[in-house]
Amino acid sequence: MNNQTQNPYYNRTDTTTLHVSDAEWKKILPPEVYQIAREKGTEWAFTGKYYKTDERGDYYCAVCGNHLFRSDAKFASSCGWPSFFETVRPNSATYISDHSHGMSRIEVKCSRCGSHLGHIFDDGPAPTHKRFCMNSAVLDFVPIK
Ligand code: FE
């Protein structure tokens, strides 16, 4: 989702933490982005726009533009969501214990805007053995030309 034009907070180089209310985000974000980013929704497996993408490029937070992943860290996962083994910077994302839906998981949030991105699991490939299981709707992909 490329919504920079209506979103005054979207910036791919500014890493300053944002403090924006959900009421404000609701006015700015497309409904499907708001529902995942601000209400911890999950898109259906095998439906998102990036789960099969293997082009070279960069993935940014679709809410705020924070640089999250490089395509070098994306791997072909059978789970149906775009999967990465590491973030661009150690502090690109923040991690929170999530006990919702009767499961014990670790939620991944954008460290700039606090939006929900997905969850992280310990079954990824080397070198990190992590799997960032992300929702396509909250990612913006910019291919390297
Ligand atoms: Fe963000």
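Residues numbered from 1 in each chain as written. Predicted model: local features only at pLDDT ≥ 70, side-chain atom pairs only at ≥ 80, totals over all residues. Heavy atoms only, no water.

Draft legend 1. Region of the structure containing the overall build of the protein. From N to C terminus, the protein includes 2 helices and 9 strands. Starting at the N terminus, the α and β elements of the protein follow one another as α-α-β-β-β-β-β-β-β-β-β. Here the C-alpha radius of gyration of the protein, 14 Å, is about what a compact globule of 145 residues would show, namely 15 Å. When the backbone C-alpha atoms are referred to their principal axes, the protein occupies close to 45 × 40 × 30 Å. For the protein, the proportion of its 145 residues judged to be buried stands at 49%. Here the contacts in the protein between residues at least 6 apart in sequence split such that 55% fall between residues at least 24 apart. Total accessible area on the protein is roughly 7,700 Å²; 53% of this is exposed by carbon and sulfur atoms. One finds the centroid of the 17 positive side-chain charges in the protein at a distance of 2 Å from the centroid of its 16 negative side-chain charges. (Helix = DSSP H or I, 4+ residues; strand = E, 2+ residues; numbered from the N terminus. Rg over C-alpha atoms; globule rule 2.2 N^0.38 Å. Buried < 20%, exposed > 50% of the residue type's maximum accessible area, 1.4 Å probe, protein only. Contact = heavy atoms within 4.5 Å. Areas by Shrake-Rupley, 256 points an atom, 1.4 Å probe, with all protein chains shown as cover. Lys, Arg positive; Asp, Glu negative; His and termini not counted. Charge placed at Lys NZ, Arg CZ, Asp CG, Glu CD.)

Draft legend 2. View of the sheet that holds strand S6 (residues 105–110). The strand order across the open sheet formed by 6 strands is S3-S4-S8-S7-S6-S5, and the pairing between neighbours is antiparallel. Either end of the sheet is taken by a strand with one partner, and the two such strands are strand S3 (74–75) and strand S5 (93–98). Bridge analysis of S6 against strand S7 (residues 116–121) gives 4 bridges, and the strand direction is antiparallel. Pairing of Glu-107 across the sheet is with His-119, part of S7. (Pairing = 2+ DSSP bridges.)

Draft legend 3. Up close: the packing of aromatic side chains. Applying the stated criterion across every chain, the model contains 9 aromatic pairs. Ring geometry for Tyr-59 against Phe-84: centres 5.0 Å apart, planes inclined by 75°, an arrangement best described as edge-to-face. With a gap of 25 residues between them, Tyr-59 in strand S1 (residues 57–61) and Phe-84 in strand S4 (residues 83–84) connect regions that are remote in the sequence. With relative accessibility at 0%, the residue Tyr-59 sits in the buried group. The exposure class assigned to Phe-84 is buried, which follows from its relative accessible area of 0%. The structure contains a cluster of three or more aromatic residues connected by ring pairs, namely Tyr-50, Tyr-59, Phe-69, Phe-84, Tyr-95, Phe-132 and Phe-141. (Phe/Tyr/Trp six-rings, centres within 6.5 Å; stacked < 30°, edge-to-face > 60°.)

Draft legend 4. Main features of the coordination of the iron ion. Donor atoms from the polypeptide that bind the iron ion are Cys-61 (SG), Cys-64 (SG), Cys-110 (SG) and Cys-113 (SG), placed at 2.3 Å. Coordination at the iron ion is tetrahedral: its 4 donor atoms span angles of 101 to 115° at the metal. Along the chain, the residues that donate to the iron ion are spaced as C-x2-C-x45-C-x2-C. We note that Cys-61, like Cys-64, is buried. (Donors = N, O, S within 2.8 Å, 3.2 Å for Na, K, Ca; no water. Tetrahedral: all angles 85-135°; square planar, octahedral: opposite > 155°, others 65-115°.)

Draft legend 5. Seen up close, the nonpolar core. Counting residues in hydrophobic clusters, the biggest one holds 29 residues, and the most contacted among them are Trp-25, Val-63, Phe-69, Cys-113, Met-134 and Leu-139. Setting aside its immediate chain neighbours within four residues, Cys-113 contacts Leu-18, Trp-25, Arg-38, Cys-61, Val-63 and Cys-64. (Core = buried A, V, L, I, M, F, W, Y, C linked by side-chain atoms within 4.5 Å.)

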